[in-house]
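Here's the letter readout for the chains.
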Amino acid sequence: MPTASIRYAGHLRTEATHVASGNTILTDAPLDNHGRGEAFSPTDLVSAALGSCMMTIMGIVAERHGLNLTGTTFDVTKHMAAEPRRISQIDVQFRLPAALDAKQRTLLENAARTCPVALSLNPEIRQEVQFDYSL
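Residues numbered from 1 in each chain as written. Predicted model: local features only at pLDDT ≥ 70, side-chain atom pairs only at ≥ 80, totals over all residues. Heavy atoms only, no water.

J.: Describe the overall build of the protein, listing the residues and the values that go with them.
T.: The secondary structure content of the protein amounts to three helices and six strands. Along the chain direction, N to C, the helices and strands of the protein fall in the order β-β-β-α-β-β-α-α-β. Taken along its principal axes, the extent of the C-alpha atoms in the protein is 50 × 35 × 25 Å. Counting across all 135 residues of the protein, residues that qualify as buried make up 28%. Sequence-distant contacts, at least 24 apart, represent 49% of the contacts inside the protein between residues at least 6 apart. Accessible surface computed for the protein: about 8,400 Å², of which carbon and sulfur atoms make up 54%. (Helix = DSSP H or I, 4+ residues; strand = E, 2+ residues; numbered from the N terminus. Buried < 20%, exposed > 50% of the residue type's maximum accessible area, 1.4 Å probe, protein only. Contact = heavy atoms within 4.5 Å. Areas by Shrake-Rupley, 256 points an atom, 1.4 Å probe, with all protein chains shown as cover.)

Here it is, written out as structure tokens:
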């Protein structure tokens, strides 16, 4: 069974349906590449997938070790390169609970950096990940 079924909607837009759940995601080409920028671009999704994967793996590790990450937030910033047009860098900035000790922080940071998306991206894509323990 496929993971997703995608339909080209015209005007540089797609509608992807997650087969198992029926949830949908719309994409649009970005303003700087002939689109309207009214939805995630495909490269935005790659960047968001990196941060979401890191957070998911940290969540799994946190649950395994009885750690509470409720309220954790993160921002993802994508940097594009030209010639060829591609993602050159993804910045992920996490804000986590201040109560985590040094051992717990190391555990979570290692988990984030070894998530499946991080390990699947082309090594030429720089991944800048910061962890701010101020919540």
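J.: Summarise the pairing of strand S1 (residues 4-10); cite the residues concerned and give the values.
T.: Where S1 and strand S2 (residues 13-18) come together, six bridges link them in antiparallel fashion. Each bridged residue has a counterpart across the sheet, and for Tyr-8 the counterpart in S2 is Thr-14. The turn joining S1 and S2, which pair antiparallel and follow one another in sequence, is formed by two residues; a positive phi near 55° is taken by His-11. (Pairing = 2+ DSSP bridges.)

J.: Can you explain the pattern of salt bridges? Please cite residues and give values.
T.: In the structure shown here, the tally under the stated rule is eight salt bridges. When the shortest N-O distance is used, the salt bridge between Arg-7 and Glu-15 registers 3.6 Å. The network of salt bridges with common partners includes Arg-13, Asp-28 and Glu-38. (Salt bridge = Lys/Arg side-chain N within 4 Å of Asp/Glu carboxyl O.)

J.: So what's going on with the packing of helix H1 (residues 42-64) against helix H2 (residues 102-113)? Residues and values would help.
T.: H2 packs onto H1 with a crossing angle of 140° between their chain directions and a minimal axis gap of 8 Å. The angle between the axes of H1 and H2 places the two elements in the oblique class. Judged by the twist between their axes, the crossing of H1 over H2 is right-handed. Listed contacts from H2 to Met-54, Ile-57, Met-58, Val-61 and Ala-62 of H1 are Leu-107, Leu-108, Ala-111 and Ala-112. When its residues are assigned to classes, the contact of H1 with H2 shows nine nonpolar, no polar and no charged. (Axes fitted to C-alpha atoms, helices over the stretch in contact; angles between N-to-C directions. Parallel < 35°, antiparallel > 145°, perpendicular 65-115°, else oblique. Left-handed = near helix turned anticlockwise from the far one by under 90°. Nonpolar A, V, L, I, M, F, W, Y, C, P; charged D, E, K, R; others polar.)

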